[in-house]
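# Fold and geometry: a report
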Amino acid sequence: MKGYIRKRGNAWSFTVDVGKDARTGKRKQKTQSGFKTKKEAQAALAELVNDVEKGNFIEPTKKKFKDFALDYIENTYQNRVKKSSYATAHNVVVTHLIPWFGDIDVNDVDQFLVHQFYSEKMKEGYSSSYIQRMHEMVRLLLRVAHKWEILHKDIASMLEPPRLQKKEMKVWTIAQVNTFLQFSKHSRYHPIFFLAAYTGMRKGEILGLSWNDVNFEEKTISINKTLYKIKSESLLQEPKTKNSVRTIYIDDDIIKVLRKQKIKQNLERLKYGGVYKEHNMVFAQETGEFVNAQAVNGLFSRFISQSGLPKIRFHDLRHTHATILLSMEVNPKIVAERLGHSSVQITLDTYSHVLPSMKKDLTEQFSKVMKSGQNVVNND
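Throughout what follows, the structure given in this document is the object of discussion.

What counts, and at which threshold
Residues numbered from 1 in each chain as written. Predicted model: local features only at pLDDT ≥ 70, side-chain atom pairs only at ≥ 80, totals over all residues. Heavy atoms only, no water. Phe/Tyr/Trp six-rings, centres within 6.5 Å; stacked < 30°, edge-to-face > 60°. Buried < 20%, exposed > 50% of the residue type's maximum accessible area, 1.4 Å probe, protein only. Helix = DSSP H or I, 4+ residues; strand = E, 2+ residues; numbered from the N terminus. Lys NZ or Arg CZ within 6 Å of the ring centre and 35° of its normal. Pairing = 2+ DSSP bridges.

## Section: the packing of aromatic side chains
- All told, the structure shown has 23 aromatic pairs when counted by the stated rule.
- Aromatic side chains Y72 and Y77 sit 6.2 Å apart centroid to centroid with 45° between the ring planes, which places their arrangement in the tilted category. Comparing Y72 with Y77, the two get one shared label, buried.
- Ring geometry for F101 and F117: centres 5.1 Å apart, planes at 55°, overall tilted. With F101 in helix α3 (residues 83-101) and F117 in helix α4 (residues 111-123), this pair connects stretches of sequence that are 16 residues apart.
- According to the relative accessible area criterion, F101 is buried, its value standing at 1%.
- Of the residues examined, F117 reaches a relative accessible area of 0% and is grouped as buried.
- Directly above the aromatic system of F216 lies the positively charged group of R259, at a separation of 4.3 Å from the ring centroid.
- Above the face of the W211 ring, K262 is positioned so that its terminal group lies 4.2 Å from the ring centre.

Structure representation (structure tokens):
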């Protein structure tokens, strides 16, 4: 294989044959320059020759990162995922990746530039979990670029995302939950707050409930879809994981709230007649339109401020529900199934703050049983 090294000014370069042009049959050459020493140029030349001989050499493609990223996201990725996943990915690419990497050739993106991007985003105040989402998108794009032979090196395998910082979980006590529900009882969204606190359902799952999902006789709710908002469009989709599709049991208090909600909704349907948008949703606006999740969040925060309760997010009602169940010594497996977790371990890891008191209570209960002499073992 023909190749040579030479010095240009203060820098060294090499030129080497990398095969023949498939169309013309003429030899193709590769030149690299900018090496500080002859030794550096020799090492780079040897590495390139080795790649050519093993068939691993890929002729670099001059393609801007922004062109490649948008092409992949809009023409390939969009056809493989749900609309909500595409919307999230597209937002990350357009808002964060393109402003940083956009005008750079894909082959000039390396692990150092990506890690610098992560550091910058941390300085800008983005959470580690959101930067993790950016990392997943960068890694996907670079992995595809390498697979499609646009990127010479497998940069994706060299990336290390920032360490996830676990935030302290904020939950309410039973008394605080009851105070909030009493304070918000005259609100249109009270049944939504009530269901979140009493079932641990996610907000999208609650807003995605249809009356077909509620079985008053069996006292169950079937969770099989989630309401998403993509720009101005409300969209019902299957939950992200198979474990999120589940059936949970409800009690008479929840049934009472839901029956009252159904009566109120029927009156609104009669009031608006043909103008009413019939989606058969458990929770809807007065005219039948889908409920705006941001409106729920806004009212939830306002009621918290007005009631003087500790500030939490709507999603923390789910955490509160789980914490109360575990504090009641409900089997973690049952709690995991109710929440739609894929494993008990996720539940135990998420609510590890409850475990110390559970372990202490368990020890005390064991001692009491031993001292009492009561037989709790079934020998049959």
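## A few points about the sheet that holds strand β4 (residues 214-215)
- One open sheet holds the 3 strands; their spatial order is β4-β5-β8, and the pairing between them is antiparallel. Each edge of the open sheet carries a strand with a single partner, namely β4 and β8 (246-249).
- Two strands pair when backbone bridges link them, and strand β5 (residues 220-223) and β8 are joined in this way by 4 bridges, in the antiparallel orientation. Looking at the pairing, I221 lines up with I248 of β8.

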